[in-house]
Amino acid sequence: MRMNHHPKDETLAAYAAGALDEAQSIVMATHLAMCLVCRRAVADFEAVGGACVGAIEPEAMSAGSLARFWERAGPQQRGLPAAPAETGGDVRIPEALRAHIAGKFEAVEWRPVFKGFSQAVLEAKGYRAGALRLLKIEPGMGIPKHSHRGGEFTLILQGAYEDELGVFGPGDFADLDRDDVHSPLAIGDESCICLIATNAPLVFSGLLEKVAQRFIGL
């Protein structure tokens, strides 16, 4: 699978350091399962991080610090990870996402937002919770032009869209921030399905979109 758009180096480094929130991490992990180039980059950042940690002089932990960590992380994080659920479904969907959608797009409970555009909000709880959702845009339809109050990760899973930044197809990753303004338009013959993580509401210019935003949560 050829990809033309990848996460920024600082985003890959943040993922390797465990600095992203849960929603961002799920989008990143899904992209990494599809992209050998970025997997190698993350491995390099992890190696550098490990070398840096190894060079640090040990420091004694204060009393009760481990207990406080587990209290913040939650009991589900203790010990070995639970065995993955038997989701079955479409093997083309990376495991990082399959667990959240019962293994296939057909199992997603899509909620219409407006004509040609629907979404499904996914759970993204964790040490740092985040906003995670799937968006489905029908061919020829688009999301109104908007900017961002914070960061936005968008990963294309099916179909394609075109915006001011280029053409994005399966596996492509849009790593957006406050400086980016775009209006994605679904192209091709099939629905464009995107996995999106945001850490702040989008900024729409139109009145109708601003009103709708209160109900759709974007």
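Located above this text is the structure these notes cover.
What you see as residue numbers is a count from 1 along each chain, following the sequence as written. At least 70 in pLDDT is required for a residue's local features to be given in this predicted model, at least 80 for side-chain atom pairs to be given and counted, and no such filter applies to totals for whole chains, interfaces and linings, which use all residues. Side-chain metrics in this entry use all non-hydrogen atoms of the structure; hydrogen atoms and water are not considered.

**Focus on the overall build of the chain**
Logical step 1: Tallying secondary structure elements over the chain gives six helices and 11 strands in all.
Logical step 2: With 218 residues in all, the chain has 40% of them scored as buried.
Logical step 3: Residues are treated as being in contact if the distance between any of their heavy atoms lies within 4.5 Å. When contacts within the chain are restricted to residue pairs at least 6 apart in sequence, those whose partners lie at least 24 apart make up 64%.
Logical step 4: For the chain, the exposed area adds up to about 12,600 Å²; of that, 55% sits on carbon and sulfur atoms. Helix numbers and strand numbers start at the N terminus; a helix is a DSSP run of H or I with at least 4 residues, a strand a run of E with at least 2. A simple rule labels every residue: compare its accessible area, found with a 1.4 Å probe on the protein chains alone, to the largest value its type can have, and call it buried under 20%, exposed over 50%, or partly exposed in between. Shrake-Rupley sampling with a 1.4 Å probe provides the accessible areas, and residues are treated as covered by the protein chains on show and by no other component.

**Let's talk about the sheet that holds strand β2 (residues 117-122)**
Logical step 1: Between any two strands, pairing holds if DSSP finds at least two bridges. One open sheet accounts for six strands, arranged β1-β2-β3-β10-β5-β8; its pairing is antiparallel. Where the open sheet ends on each side, the last strands, each with one partner, are β1 (111-114) and β8 (173-176). Direction aside, the axes of adjacent strands within the sheet are offset by 25 degrees on average.
Logical step 2: Relative to strand β10 (residues 192-198), strand β3 (residues 131-137) is paired through seven bridges, and the arrangement is antiparallel. Counted as the bridge partner of Leu134 is Leu195 from β10.
Logical step 3: Axis lines are fitted to C-alpha atoms, over the contacting stretch for helices. Their N-to-C directions set the angle, which ranges from 0 to 180 degrees. Along the sheet, helix α2 (residues 22-34) makes contact with β3, β5 (152-158), β8 and β10, crossing β5 at roughly 40 degrees.

**Looking at the sheet that holds strand β7 (residues 166-168)**
Logical step 1: Pairing within the open sheet is antiparallel, and its three strands lie in the order β7-β6-β9. Unpaired on one side and paired on the other, β7 and β9 (185-187) mark the two borders of the sheet. Direction aside, neighbouring strands of the sheet carry axes that sit 30 degrees apart on average.
Logical step 2: Here strand β6 (residues 160-163) pairs with β9 via three bridges, running antiparallel. For Tyr161, the partnering residue across the bridge sits in β9 and is Ala186.

**Focus: the nonpolar core**
Logical step 1: Formed by 31 residues in total, the largest nonpolar core has its most connected members in Val27, Ile101, Leu132, Leu134, Leu157 and Leu195.
Logical step 2: For this core, the elements supplying multiple residues, two or more each, are α1 (9-16), α2, α3 (36-54), β2, β3, β5 and β10.
Logical step 3: With near-sequence residues (within four places) excluded, Leu134 lies in contact with Ile101, Val108, Trp110, Ser118, Gln119, Ala120, Leu122, Leu157, Ile193, Cys194 and Leu195.
Logical step 4: Core analysis: the next-biggest nonpolar cluster, separate from the first, contains 15 residues, Tyr161, Phe168, Ala174 and Cys194 among them. Among the buried residues, those of types Ala, Val, Leu, Ile, Met, Phe, Trp, Tyr and Cys that are joined through side-chain atoms within 4.5 Å form a nonpolar core.

**A short note on the environment of Pro170**
Logical step 1: With respect to the element layout, Pro170 can be found in the loop between β7 and β8.
Logical step 2: Placed 13 residues apart in sequence, Pro170 and Leu157 show a C-alpha to C-alpha distance of 5.0 Å.

**Focus: the pattern of salt bridges**
Logical step 1: Criterion for a salt bridge: a side-chain nitrogen of Lys or Arg within 4 Å of a carboxyl oxygen of Asp or Glu. As enumerated under the stated definition, the model contains two salt bridges in all.
Logical step 2: Note that Lys8 is salt-bridged to Asp177, the shortest N-O span being 2.9 Å. With Lys8 in the segment before α1 and Asp177 in the loop between β8 and β9, the pair connects residues that are 169 residues apart, well separated along the chain.
Logical step 3: One salt bridge connects Arg98 with Glu95, and the closest N-O pair in it is separated by 3.6 Å. Highlighted residues: Arg98 and Glu95, both in helix α5 (residues 95-98), separated by three residues, approximately one helical turn.

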